[in-house]
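Chain by chain, the residues run as shown.
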Amino acid sequence: MSNRRVLLLLAAFVVGAVVIVASALALLPRGAGTVTSQVAIGGPFELVDQNGKTVTQEAFAGTPMLVFFGFTHCPDICPTSLFEMSQLFEVLGPDARKVTGLFITVDPERDTPEVMKSYLGSFHPSIQGLSGTPEQVAAVTRAYRAYAKKVPTQGGDYTMDHTAIVYLMSKDGQFVAPFNLKRPPEEAAAELRRYL
């Protein structure tokens, strides 16, 4: 086969490939394949703390937060996570005052401010409990893209299915990442100090 014929075949192949790629790109919707924004996690809220005081996200501005959704009747996940968070705050020592732990109930019917205060008495004082009306709690749950659902149990009682993520929020209230408490508290404290 002559060089000229090879070059003609190669040129035809290249032109065909360009036409195929151009056609495929023309069929794609505008902006396909590009990410224009991230999903927002967190945001404004108005809740009631364990002392009965109305608070908004502004009360925590300027400090990183560890946010956990749960409920006081939770048999295992919630007390375990709050214990691990307490251990983390103990290891932080004086730096614990520069971080806020928020325990936001997903069960406002039972978790009144008084119940939250009594429950959190077993954990580190840097962890604050937040409750509110069902509508307020539903709004903050949606803002954090968390999940919560009432599940009936025997005897007419109920429990709550819920997200078990600890959200790390930056000083300016932006979501950083899920925070792993399932590791030695010294290791968790070293990571958290990067955000102080």
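Now for a look at the structure at hand. (Residues numbered from 1 in each chain as written. Predicted model: local features only at pLDDT ≥ 70, side-chain atom pairs only at ≥ 80, totals over all residues. Heavy atoms only, no water.)

Structural notes on helix α4 (residues 134-143)
Formally: In this scheme, a residue with accessible area under 20% of its type's maximum is buried, one over 50% is exposed, and one in between is partly exposed, where area comes from a 1.4 Å probe on protein chains only. The helix count covers DSSP runs of H or I at least four residues long, the strand count covers runs of E at least two residues long, and both are numbered beginning at the N terminus. By construction, the arc corresponds to the directions joining the helix axis to the C-beta atoms. Whether two residues touch is decided by their heavy atoms; if any such pair falls within 4.5 Å, the residues are in contact.
Regarding α4, the residues found buried are V137, V140, T141 and A143. The arc that holds the buried residues of α4, viewed along the axis, is 160°, so those residues lie on one side. Away from its buried face, by an angle of more than 90 degrees, α4 presents the exposed residues E135 and R142. Each element contacted by the buried residues of α4 is listed here: β1 (46-49), β3 (65-70), β4 (100-105), β5 (127-131) and β6 (148-152).

A few points about the packing of aromatic side chains
Aromatic ring pairs: the centre-centre distance and the angle between the two ring planes describe each pair. Rule in force here: Ring pairs are drawn from Phe, Tyr and Trp, using the six-membered ring of Trp, whenever the two centres fall within 6.5 Å, and their geometry is named by plane angle: stacked under 30 degrees, edge-to-face over 60, tilted for the rest. Here, a charge over a ring is recorded when the distance from Lys NZ or Arg CZ to the ring centre is within 6 Å and its angle to the ring normal is within 35 degrees.
What the rule picks out here adds up to eight aromatic pairs. Each ring, one from Y119 and one from F123, has its centre 5.6 Å from the other, and the planes form 55°; the classification is tilted. Each member of the pair, Y119 as well as F123, is classed as buried. Grouped by ring-pair contacts, the aromatic residues F68, F103, Y119 and F123 constitute a single cluster. The ring of Y158 has R110 sitting right over it, with the charged end atom 3.8 Å from the ring centre.

Points about the packing of helix α2 (residues 77-92) against helix α5 (residues 185-193)
Each pair of packed helices can be described by the angle between their axes along with the distance between the axes. Put simply, the rule reads: To define axes, lines are fitted to C-alpha atoms, for helices over the stretch in contact only, and angles between the resulting N-to-C directions are given on a 0 to 180 degree scale. Angle categories are assigned with fixed cut-offs, so that under 35 degrees is roughly parallel, over 145 is roughly antiparallel, 65 to 115 is roughly perpendicular, and the rest are oblique. Handedness of a crossing is defined here by the sense of rotation of the near helix relative to the far one, left-handed for an anticlockwise turn of less than a right angle and right-handed for a clockwise turn. Asp, Glu, Lys and Arg are counted as charged, while Ala, Val, Leu, Ile, Met, Phe, Trp, Tyr, Cys and Pro are counted as nonpolar; the rest, among them Gly, fall into the polar class.
Relative orientation of the contacting elements α2 and α5 amounts to 70°, with a least axis distance of 9 Å. Taken together, the axis directions place α2 and α5 in an arrangement best described as roughly perpendicular. Crossing of α2 over α5 shows right-handed handedness. Along the contact surface, α2 presents Q87, L88, V91 and L92, while α5 presents P185, E186, A188, A189, L192 and R193. Partitioned by chemical class, the residues of the contact of α2 with α5 number seven nonpolar, one polar and two charged.

Overview of the nonpolar core
Rules: Definition used in this section: a nonpolar core is a set of buried Ala, Val, Leu, Ile, Met, Phe, Trp, Tyr and Cys residues joined via side-chain atoms within 4.5 Å.
With 46 residues, the main nonpolar core has V67, F69, L88, F103, Y144 and F179 as its most contacted residues. With six residues, the single largest contributor to this core is α2. Not counting chain neighbours up to four residues away, the residues in contact with Y144 comprise I41, G42, G43, M65, V67, F69, Y167 and M169.

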